[in-house]
Amino acid sequence: MKIDHSLPLEYSTEENKLKILGFWVFLGAEIVLFSTLFAVYFTLQNNIGNGPGGSHIFELTPVMIETIVLLSSSFTIGLGIHAMRLGNKKAMMTFFGITLFLGLGFLGVEIMEFFTYVHEGATMQTSAFLSALFTLLGTHGAHVTFGLLWGGAILLQVKKRGFTPETANKSFIFSLYWHFLDVVWIFIFSFVYMKGMM
């Protein structure tokens, strides 16, 4: 395996470059998935039947908490990658740990939000709007949950092996995934919650 020391460690081998390219292709497929879910949501958002609409169930406080927490985690994952490029293992692991903790916090608020909706009689079976909403939010939440497990596994590998072309590549690809989830959330925040509250 030929390592090019003039490049960042995550790009230092041909295999690493191909894995990053492959992951961008995967994110393209993820964009199609979420675009479809948004299209379904926008098609069904006014089909509330006898159930509540977004203006009745959406609350600004939990949504703002989720947004601040998730956007902060995007910042900390960036700091983690910067620390990795500087060769600072302790700082990288700390920032990745903070990112995962913030992701867990986001998930906790979202689960509480779901319980509140269900308690208020807003379930997937109540209306087409709520079915589309739960599917969109649930799919994003499932991606965050997977990200927490994936990020935890990467932290264990970095702790055990340190920075190698392989662990650096995995860490960088994970950061791309995490930033993608934040971008999707910005669309959810803007076009689902903010629009729904108006």
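Only a predicted model underlies this, so the values are computations on that prediction, with no experimental measurement involved.

Draft legend 1. Spotlight on a nonpolar patch on the surface. A cluster of nonpolar residues, Phe42, Val183, Phe187 and Phe191, forms a patch on the protein surface that exposes about 350 Å² of accessible area. If you tally residues by element for the nonpolar patch, the top one is helix H6 (residues 165-197), at three residues. Along the polypeptide, Phe187 turns up in helix H6. Using a relative accessible area of 42% as the deciding quantity, one classes Phe187 as partly exposed.

Draft legend 2. Structural context of the UniProt feature "transmembrane region" (unreviewed entry) in the chain. Summarizing the sequence annotation, UniProt attributes the feature "transmembrane region" (unreviewed entry) to residues 21-43, 63-83, 95-117, 129-156 and 176-194 in the numbering used throughout. The span residues 21-43 carries 100% helix and 0% strand; its end-to-end C-alpha distance comes to 33 Å. Taken as a whole, residues 176-194 contains 100% helix and 0% strand, while its terminal C-alpha atoms sit 26 Å from one another.

Draft legend 3. Spotlight on the packing of aromatic side chains. Evaluation of the coordinates by the stated rule reveals 21 aromatic pairs. Ring geometry for Phe38 versus Phe42: centroids 6.0 Å apart, planes at 25°, classification stacked. Of this pair, Phe38 and Phe42 both sit in helix H1 (residues 14-44), four residues apart, which is roughly one turn of the helix. Judged by relative accessible area, which is 11%, Phe38 ranks as buried. What makes Phe42 partly exposed here is its relative accessible area of 33%.

Rules behind the numbers
- Residues numbered from 1 in each chain as written.
- Predicted model: local features only at pLDDT ≥ 70, side-chain atom pairs only at ≥ 80, totals over all residues.
- Heavy atoms only, no water.
- Patch = residues over 30% accessible without salt bridge, like charges linked within 9 Å, V, L, I, M, F, W, Y side chains within 5 Å.
- Areas by Shrake-Rupley, 256 points an atom, 1.4 Å probe, with all protein chains shown as cover.
- Salt bridge = Lys/Arg side-chain N within 4 Å of Asp/Glu carboxyl O.
- Helix = DSSP H or I, 4+ residues; strand = E, 2+ residues; numbered from the N terminus.
- Buried < 20%, exposed > 50% of the residue type's maximum accessible area, 1.4 Å probe, protein only.
- UniProt positions renumbered as here; feature names shortened; annotations may be inferred.
- Phe/Tyr/Trp six-rings, centres within 6.5 Å; stacked < 30°, edge-to-face > 60°.

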